[in-house]
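So the chains spell out like this:
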Amino acid sequence: MATASPRREPADAFDLLVVGGGINGTGIARDAAGRGLSVLLAERDDLAGFTSSSSTKLIHGGLRYLEYYEFRLVREALAERERLLRLAPHVIWPLRFVLPHDKGLRPAWLLRLGLFLYDHLARLRTLPGSESVNLRRAPVGQPLQDRLTKGFVYSDCWVEDSRLVVLNAMDARAHGAEVLTRTGVVSARREGDLWVATLRDERSGAERTVRAKAVVNAAGPWVSKTLGGTLGINSRAAVRLIKGSHIVVRKLFEGDQAYILQQPDKRIVFAIPYERDFTLIGTTDVPYDGEPGPVSISPEETDYLCSCINRSFKTAIGPADVVWTYSGVRPLYDDAAENASAVTRDYVLDVEDAGGRLPVLSVFGGKITTYRKLAEHALEKLAPYFPGLKPAWTGGGILPGGDMKDADFDTFLADLKRRRPFLPDELARRLARAYGTRVDAVLGSATSLADLGEAFDAGLTAAEVDYLRREEWVTRAEDILWRRSKLGLRTSQQGATRLSAYLERRAEAA
Ligand SMILES: Cc1cc2nc3c(=O)[nH]c(=O)nc-3n(C[C@H](O)[C@H](O)[C@H](O)COP(=O)(O)OP(=O)(O)OC[C@H]3O[C@@H](n4cnc5c(N)ncnc54)[C@H](O)[C@@H]3O)c2cc1C
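Residues numbered from 1 in each chain as written. Predicted model: local features only at pLDDT ≥ 70, side-chain atom pairs only at ≥ 80, totals over all residues. Heavy atoms only, no water.

An unreviewed UniProt entry lists the chain under the name Glycerol-3-phosphate dehydrogenase, from Methylobacterium persicinum. In its Catalytic activity (unreviewed entry) section, the UniProt entry covering the chain states "a quinone + sn-glycerol 3-phosphate = dihydroxyacetone phosphate + a quinol". Per UniProt, the comment on the chain under Sequence similarities (unreviewed entry) is "Belongs to the FAD-dependent glycerol-3-phosphate dehydrogenase family." (UniProt positions renumbered as here; feature names shortened; annotations may be inferred.)

Structure below.
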């Protein structure tokens, strides 16, 4: 068996090769690097390029999973909700959800029972519990149709999903991991006492050979293809691909609350305040058997999501109101459930080795919410192959930019505005949310907006772009516009082209 090795090894030999830079790959790489392993993570596209930037962006226990008796998952997710809120208060924040009672659908006593369980499965309780609400009297009921008279309000959290991925990658790097983006793992085979893998730079086509004692297959929707194809291993565990889509429309309602709407097909659909001026609506569950690369919403899914809103809100919407859509593929563990909504959202970690050596650990399923715990479990499974591995540490490991006094975002923001009075309110808020206490590394010594350099659309400046290139693996305009931020919603085609040209100039100069 191999032992955890010091980081003085040659740069092409690692303890762990992680395939995939979504939330699970970056979470495992971070945990492993912090425990003393030398780690290489390779992501073929951009960090969070696929499923991990296409979620509903909730850190939640998953109220609806109670109907499928997923108590283990809900308990773990609720505990993680409270923990992650403390570890990354800039990119994760509490959200109140309004759940209208809809006559003819689930009875009120069942909703009350579910929320009672939900409140009590959460052992740490910093978020307010659930309560009933008269929708005809309370302001949160005003956007809803008059037939909806009563409901409930409960707590969960919002997460900037793709930023959480990047923060994990940054922390992995801070603990010594090498993180490569736009670098695919083309093949890997056991040779002698090591895995030997070929990586390809997707931009230049250049190949590099690396060695590792263990491989983590966190390829998301490609997990089975990676196992069978890239790694050449037969496994019984299989992935079930379920596409989910969202639509974004102009703000449908006032207030910070979100809505969770029951549907006659027994599904639920969320309507969530989004990027200040918009409402995010999703999601769908569509079985998928195509190539899991970029996927897009179908006209039927758009119609379905509009009709879900039109059943409950006073303001009706149609496809013409949609300003943006995104879709992703859930890489769920195939538990042979008949219905796509019923497939388990829990995760399975499958380990295969060769006579007690050279393991490959594959990740099936999971939620953004449980990624940290999933990573801990992955390291528990890898521990026998690395005697002397350091103990779990991420439960108290604050993510980059999250070290705010008392995890208090509002006080942090007020302080930023006092220190940098030249920042317009909205820009100060956006930068504080995105970078937390790292914001000063973005702003440098600037004392005026002009000091931040060339201005792109929607408050983006050269200083921020340069920081993102330097610290957050940004190479293309879309990395910034749709993953490090959602400024794509406010950027013109011309603005995007100018940003691309700037990035090219910077890359040439480097
Ligand atoms: C519609 C939808 C809504 C969701 N909502 C929520 C929610 O609200 N809350 C929640 O907690 N969870 C939610 N989820 C679940 C969550 O998004 C996923 O479980 C999670 O993002 C999966 O992350 P991953 O790292 O396993 O996969 P991915 O994010 O897909 O990452 C896998 C990465 O591997 C890379 N890769 C593949 N093959 C190779 C290779 N050979 N070499 C290098 N790189 C490779 C890919 O490019 C990809 O970036 C939702 C999912 C969907 C689809």
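For the bond from G282 to T283, the omega torsion is 15 degrees, close enough to zero to count as cis. Along the chain, T283 turns up in the loop between β14 (278-282) and β15 (286-287). For E275, which is not glycine, the phi torsion reads 45 degrees and is therefore positive. Structurally, the position occupied by E275 is in the loop between β13 (268-274) and β14. The phi dihedral of D406 is positive, around 55 degrees, even though this residue is not glycine. (Helix = DSSP H or I, 4+ residues; strand = E, 2+ residues; numbered from the N terminus.)

Here the focus is the site of the ligand. Inspection of the region around the ligand gives 36 residues, with E43, S52, L58, G366 and T369 positioned closest. Side-chain polar atom of N24 to an oxygen atom of the ligand: 2.9 Å apart, as the coordinates give it. R44 places a polar main-chain atom, nitrogen or oxygen, 3.1 Å from a nitrogen atom of the ligand. Bound to the protein, the ligand loses 98% of the 1,000 Å² it would expose on its own. For the shell around the ligand, the secondary structure elements donating two or more residues are α1 (23-34), β8 (183-191), β11 (239-250) and β16 (322-333). Residues that form the shell around the ligand fall into these classes: twelve nonpolar, 19 polar and five charged. (Near = heavy atom within 4 Å. Polar contact = N/O pair within 3.5 Å; in protein donor to acceptor, adjacent residues only side chain to side chain. Areas by Shrake-Rupley, 256 points an atom, 1.4 Å probe, with all protein chains shown as cover. Nonpolar A, V, L, I, M, F, W, Y, C, P; charged D, E, K, R; others polar.)

Another point: the domain arrangement of the chain. Size of an interface: often given as the accessible area lost when the parts come together. Partitioning the chain into structural domains gives domain 1 (13-50 + 163-238 + 345-396), domain 2 (91-160 + 240-334) and domain 3 (409-509). If you average the C-alpha positions of domain 1 and of domain 2, the two centres end up 33 Å apart. The interface is formed by 15 residues belonging to domain 1 together with 17 residues belonging to domain 2. Summed over both partners, the interface of domain 1 with domain 2 buries about 1,300 Å², with 67% contributed by carbon and sulfur atoms. Run the count over domain 1 and domain 2 and you get one salt bridge. Where domain 1 packs against domain 2, one counts six residue pairs in polar contact (both at pLDDT 80 or more). Listing elements by their share of the side of domain 1 that touches domain 2, those giving two or more residues are α4 (161-174) and β18 (357-365). Element by element, the count of residues in the side of domain 1 that touches domain 2 is highest for α4, at three residues. In terms of residue class, the side of domain 1 that touches domain 2 is built from ten nonpolar, two polar and three charged. (Domains from an automatic or database assignment. Contact = heavy atoms within 4.5 Å. Buried area = accessible area lost by both parts, 1.4 Å probe. Salt bridge = Lys/Arg side-chain N within 4 Å of Asp/Glu carboxyl O.)

What follows concerns the packing of α1 against α4. Where α1 contacts α4, the axes come no closer than 8 Å and their chain directions differ by 25 degrees. The angle between α1 and α4 falls in the class roughly parallel. Relative to α4, α1 is oriented so that their crossing is left-handed. Contact residues: I23, T26, G27, A29, R30 and A33 in α1; L164, V165, N168, A169, D171 and A172 in α4. Partitioned by chemical class, the residues of the contact of α1 with α4 number seven nonpolar, three polar and two charged. (Axes fitted to C-alpha atoms, helices over the stretch in contact; angles between N-to-C directions. Parallel < 35°, antiparallel > 145°, perpendicular 65-115°, else oblique. Left-handed = near helix turned anticlockwise from the far one by under 90°.)

Moving on to the nonpolar core. Of all hydrophobic cores here, the largest spans 83 residues; its most connected members are L16, V39, I92, L164, L423 and L499. Excluding residues within four positions of it along the chain, I92 makes contact with I59, L84, L85, C157, W158, V159 and L164. Core analysis: the second largest hydrophobic core is formed by 30 residues, V74, L95, L121 and F152 among them. (Core = buried A, V, L, I, M, F, W, Y, C linked by side-chain atoms within 4.5 Å. Buried < 20%, exposed > 50% of the residue type's maximum accessible area, 1.4 Å probe, protein only.)

Now for the UniProt feature "domain: Alpha-glycerophosphate oxidase C-terminal" (unreviewed entry) in the chain. Residues annotated in UniProt with the feature "domain: Alpha-glycerophosphate oxidase C-terminal" (unreviewed entry) correspond here to residues 399-499. Across residues 399-499 one finds 51% helix and 0% strand; the C-alpha atoms that close the span lie 28 Å apart.

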